[in-house]
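# Architecture at a glance
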Amino acid sequence: MTTPFINRGNGNSGFKRLPIIAGNWKMNKTVDESLLLVDEMIDDLDAIEGVEIVLCPPFVALYSVLDLLEDTGVGLGAQNMYHQNSGAYTGEISPLMLREICDYVILGHSERRTYFGETNELVNLKVKAALKHDIRPIMAVGENLAQRQAEETSAFVTAQVREGLAGIDIADIPTIVLAYEPIWAIGTGLAATGAMAQEVCALIRQTVAELYTQEVAEQVRIQYGGSVTAKNIEEFMSQPDIDGGLVGGASLNADDFIQIVVKTLEVSSKK
Ligand code: PEP
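This is a predicted model, so every value here is computed, not measured. (Residues numbered from 1 in each chain as written. Predicted model: local features only at pLDDT ≥ 70, side-chain atom pairs only at ≥ 80, totals over all residues. Heavy atoms only, no water.)

Of the regular secondary structure elements, the chain holds eleven helices and ten strands. For 271 residues, the compact-globule estimate of 2.2 N^0.38 gives 18 Å, and the chain sits close to it at 17 Å. Each principal axis of the C-alpha atoms in the chain carries an extent, and together these give about 45 × 45 × 40 Å. Of all 271 residues assigned to the chain, the portion counted as buried reaches 53%. For the chain, the proportion of contacts with a sequence separation of at least 24, taken over those separated by at least 6, is 71%. By element, 50% of the accessible surface of the chain is carried by carbon and sulfur atoms, the whole surface being about 12200 Å². Each charge class in the chain was averaged separately, 20 positive and 37 negative side chains, and the resulting centres sit 5 Å apart. (Helix = DSSP H or I, 4+ residues; strand = E, 2+ residues; numbered from the N terminus. Rg over C-alpha atoms; globule rule 2.2 N^0.38 Å. Buried < 20%, exposed > 50% of the residue type's maximum accessible area, 1.4 Å probe, protein only. Contact = heavy atoms within 4.5 Å. Areas by Shrake-Rupley, 256 points an atom, 1.4 Å probe, with all protein chains shown as cover. Lys, Arg positive; Asp, Glu negative; His and termini not counted. Charge placed at Lys NZ, Arg CZ, Asp CG, Glu CD.)

See below:
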């Protein structure tokens, strides 16, 4: 796997993290609808350089969408994956099935944790399985409203990061994307403020530094997710520890998603 950085190209020996916007379509869009949506936005998205873009349609649309993404710079991701390669796991999808199709896989999304009982331990197995098969994990973490109100956010998110990354080789860390998604902000229209998101994203980076090294922590890309729109993406992207967005609802509208990517580029080019 190559490491996703833009060289500053200005004699500065440092590297800039390549911003990454992923669209999580969740359980929306039939195959035909998926193709229509991609068709509406692919030319504009493909014309944008300097932001990594990943579309995560439902499993059944992956193959058809892949056809439309071929020869473009837009990547494809799955929304989930089981950690075993094959076997008696009815209804599950394995890394072997995804590895030739997908660049990324979202793992540990709060909807998986809440509705399907996914634990940090299971998420960790899935992250390891994805890495083993050269699929880049987007590992999602985030607290619920009760945890935030009880001031448990730091302890909870830190544990999710520590347990989700347990036993992962330092060489793989820069290829993992971490997504901070406060559950109370997902699909509610109540996004976090830039400052709130920055505080937790900085903590996530600090946790990676404690687990590995500061140098490797500086290479990890951290997304914010939770009611991201074309109106608020600039506030998030202006934060030093936020490198992109995991976008749900707004990724289902071509104009909105294109605007989110365009604004991401504008802000990140000034960082
Ligand atoms: C998500 O799906 O991860 C998400 C953050 O959804 P939304 O943007 O709709 O809040």
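Picking up after the structure, the text goes on.
Where helix α5 (residues 120-132) contacts helix α7 (residues 153-164), the two axes come as close as 8 Å, and the packing angle between them is 40°. Between α5 and α7, the interaxial angle falls into the category oblique. For α5 against α7, the interelement crossing comes out right-handed. Contacts from N120, N124 and V127 of α5 reach α7 at A159, Q160, E163 and G164. In terms of residue class, the contact of α5 with α7 is made up of two nonpolar, four polar and one charged. (Axes fitted to C-alpha atoms, helices over the stretch in contact; angles between N-to-C directions. Parallel < 35°, antiparallel > 145°, perpendicular 65-115°, else oblique. Left-handed = near helix turned anticlockwise from the far one by under 90°. Nonpolar A, V, L, I, M, F, W, Y, C, P; charged D, E, K, R; others polar.)

The next subject is the sheet that holds strand β6 (residues 104-107). Read once around its circumference, the closed barrel built from eight strands follows the order β3-β4-β5-β6-β7-β8-β9-β10, with strand pairing classed as parallel. The sheet shows a mean angle of 25° between the axes of neighbouring strands, direction not considered. Across two bridges, strand β5 (residues 75-78) lies against β6 in parallel orientation. Paired with G77 across the two strands is Y104, which belongs to β6. (Pairing = 2+ DSSP bridges.)

Its 13 residues place the ends of α5 18 Å apart at the C-alpha level, agreeing with the 18 Å of an ideal helix rising 1.5 Å per residue. Along α5, the residues classified as buried are N120, V123, N124, K126, V127, A129, A130 and L131. Those residues of α5 hidden inside the fold are in contact with α3 (95-98), β6, α4 (110-116), β7 (136-141) and α7. Positive phi appears at D134, one or two residues downstream of α5, with a value of about 60°. (Expected span 1.5 Å × (residues − 1).)

Turning next to a negative patch on the surface. On the surface, D39, E40, D43, D44, D46, E49, D255 and D256 cluster together into a patch of negative charge. For the negative patch, the secondary structure elements donating two or more residues are α1 (31-46) and α11 (254-270). At five residues, the largest contribution of residues to the negative patch is made by α1. Relative to the helices and strands, D43 resides in helix α1. (Patch = residues over 30% accessible without salt bridge, like charges linked within 9 Å, V, L, I, M, F, W, Y side chains within 5 Å. Salt bridge = Lys/Arg side-chain N within 4 Å of Asp/Glu carboxyl O.)

Bringing the pairing of strand β10 (residues 244-247) into the picture now. Burial along β10 is two-sided: G244 and L246 and G245 and V247, pointing in opposite directions, are all buried. Note that strand β3 (residues 20-24) and β10 share four bridges and pair parallel. Residue pairing for β10: G23 is matched across the bridge by V247. Pairing geometry for strand β9 (residues 221-225) and β10, over three bridges, is parallel. Its bridge partner being in β10, Y224 is matched across the sheet by G245.

To continue, consider the pattern of salt bridges. Going through the model one piece at a time under the given rule, you end up with ten salt bridges. Put simply, K26 and E111 hold a salt bridge, and the shortest N to O gap is 2.7 Å. Taken together, the residues span a long stretch of sequence, with K26 in the loop between β3 and α1 and E111 in helix α4 at a distance of 85 residues. One network of salt bridges, in which partners are shared, links R17, R205, E218, D241 and D243.

For the rest of this paragraph, the subject is the site of the ligand. Of all residues adjacent to the ligand, which total 14 residues, the nearest are K26, H109, E181, G187 and S227. In the environment of the ligand, an oxygen atom lies 2.9 Å from a nitrogen or oxygen atom belonging to the side chain of K26. Within the side chain of H109, a nitrogen or oxygen atom sits 2.8 Å from an oxygen atom of the ligand. Burial of the ligand by the surrounding chains reaches 96%, relative to a free accessible area of 290 Å². Considered class by class, the residues forming the shell around the ligand number four nonpolar, eight polar and two charged. (Near = heavy atom within 4 Å. Polar contact = N/O pair within 3.5 Å; in protein donor to acceptor, adjacent residues only side chain to side chain.)

Turning next to unusual backbone geometry. One non-glycine residue, D134, lies in the positive phi region at around 60°. With respect to the secondary-structure elements, D134 resides in the loop between α5 and β7. A residue is classified by how much of its surface remains accessible, and D134, at 48% relative accessible area, is partly exposed. Positive phi is not limited to glycine here, since E151 has a value of about 60°. In this fold, E151 is placed in the loop between α6 (145-149) and α7.

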